[in-house]
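# Notes for the structure review
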Amino acid sequence: MRKELMAANWKLYNVTLEENVKEAKGIAESAKDADCEVVICPSAPFLIPVKEAIAGSPVKLGAQGVFWEEKGGFTAQISPQSLKDIGCEYVIIGHSETRGRFGVGSVKEELLSYFSETDETVNLKVLTALKVGLKPIICVGETINERKAGKQDEIISYQVEMALRNVEDLDGIVIAYEPVWAIGTGEFCDPEEANRIIGLIRNKVREQFGEKADEMRILYGGSVDPNNIASFMEKEEVDGALVGRASAKAESFSKIIHYK
Ligand code: 13P
């Protein structure tokens, strides 16, 4: 039996100390009687204040990103060791926004390579995160053009295969299916299609890890809100959600946690 997981990716929605602490406390309160596991991933400057705000509650702490080296001359990067040391349990890796794959063309094509994660760096980050004992939430998903070309299954299988290259143990790993076109757009994926893709991801993982794949949690992400969460959670393959905008305020994320 896979325990449901609701993960809040706060992105850059909560940007002051006051709102980070306030919303984290609200979520901590509401998670006390939740059936699912709850994770908050604030932006890096607020990891410690949020950790203090959720202390004593079942809510876990996650980071939105990490570097693949543990230590050295790497200005502005975040060490997996540091995340582990301050109490993070999870880390998001390969989000489409850090891969530079956006649903809207707000970043010039020629600038993407300056900040984008690639399938190779996603894999390096997954390996280092696991080495220090962090649980990676690995994001995969297709752009609208890839879907229009009918390439979504191929793209997602490849992203999964690359992310898990040289991984020996599946324990702790979470995958999130986040179709890029559904992120922040209000246009969510048909739950039946999300279920199909998540099944495809599980089959891909099964090729490498056998029956262990049945223990791994796979989430859906992309315009999840209090009104549509139940339609995803009723699908057999969907083990939870990675939520952006609707997770930033305790009021709406609490409704998602208590969707039943
Ligand atoms: P939204 O819920 O805002 O669409 O974002 C989803 C997401 O990218 C979570 O990682």
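For the structure itself, look to the data block above.
Overview of the structure. As the structure is a prediction and not an experimental result, all values here were calculated from the model. (Residues numbered from 1 in each chain as written. Predicted model: local features only at pLDDT ≥ 70, side-chain atom pairs only at ≥ 80, totals over all residues. Heavy atoms only, no water.)

By the definition in use, this model includes 0 disulfides. This cysteine, C41, is not joined by any disulfide, and C88 carries the nearest cysteine sulfur, 8.0 Å off. Residue C139 stays outside any disulfide, its sulfur separated by 9.3 Å from that of C41, the closest cysteine. (Disulfide = S-S within 2.5 Å.)

As a structural note, the neighbourhood of the ligand is formed by 13 residues, with K11, H95, G184, S223 and R245 the closest of them. In this structure, K11 approaches the ligand through a side-chain N or O atom, which is 2.8 Å from an oxygen atom. G184 is positioned such that a nitrogen or oxygen atom in its backbone is 2.7 Å from an oxygen atom of the ligand. Contact with the protein chains covers 98% of the free accessible surface of the ligand, which is 310 Å². Of the residues in the shell around the ligand, the class split is 4 nonpolar, 6 polar and 3 charged. (Near = heavy atom within 4 Å. Polar contact = N/O pair within 3.5 Å; in protein donor to acceptor, adjacent residues only side chain to side chain. Areas by Shrake-Rupley, 256 points an atom, 1.4 Å probe, with all protein chains shown as cover. Nonpolar A, V, L, I, M, F, W, Y, C, P; charged D, E, K, R; others polar.)

With that out of the way, let us pick up the environment of I48. Tracing the sequence through the fold places I48 in helix α2 (residues 47-54). As for I48 and I86, which are separated by 38 residues in sequence, their C-alpha atoms are 7.1 Å apart. (Helix = DSSP H or I, 4+ residues; strand = E, 2+ residues; numbered from the N terminus.)

On to the packing of helix α1 (residues 17-31) against helix α10 (residues 250-257). It is at 9 Å that the axes of α1 and α10 come closest, and there the two elements cross at 25 degrees. Compared by their axis directions, α1 and α10 come out roughly parallel. Two packed elements cross with a definite hand, and for α1 against α10 that hand is right-handed. Contact with α1, carried on its side by E23, G26, I27 and S30, involves A250, F253, S254 and I257 of α10 and no other residues of that element. The residue inventory of the contact of α1 with α10, partitioned by class, reads 4 nonpolar, 3 polar and 1 charged. (Axes fitted to C-alpha atoms, helices over the stretch in contact; angles between N-to-C directions. Parallel < 35°, antiparallel > 145°, perpendicular 65-115°, else oblique. Left-handed = near helix turned anticlockwise from the far one by under 90°. Contact = heavy atoms within 4.5 Å.)

Where strand β2 (residues 37-41) and strand β3 (residues 60-63) come together, 2 bridges link them in parallel fashion. Residue pairing for β3: V39 is matched across the bridge by K60. Of the pairings in the sheet, the one linking β3 to strand β4 (residues 90-93) comprises 2 bridges and is parallel in character. Following the sheet pairing, A63 is matched in β4 by V91. You can see the chain leave β3, run along helix α3 (residues 80-85) and come back into β4, and the turn it takes is right-handed. (Pairing = 2+ DSSP bridges. Right-handed = clockwise from strand over helix to strand, strands pointing away.)

All quantities given are derived from atomic positions and should not be read as evidence of function.
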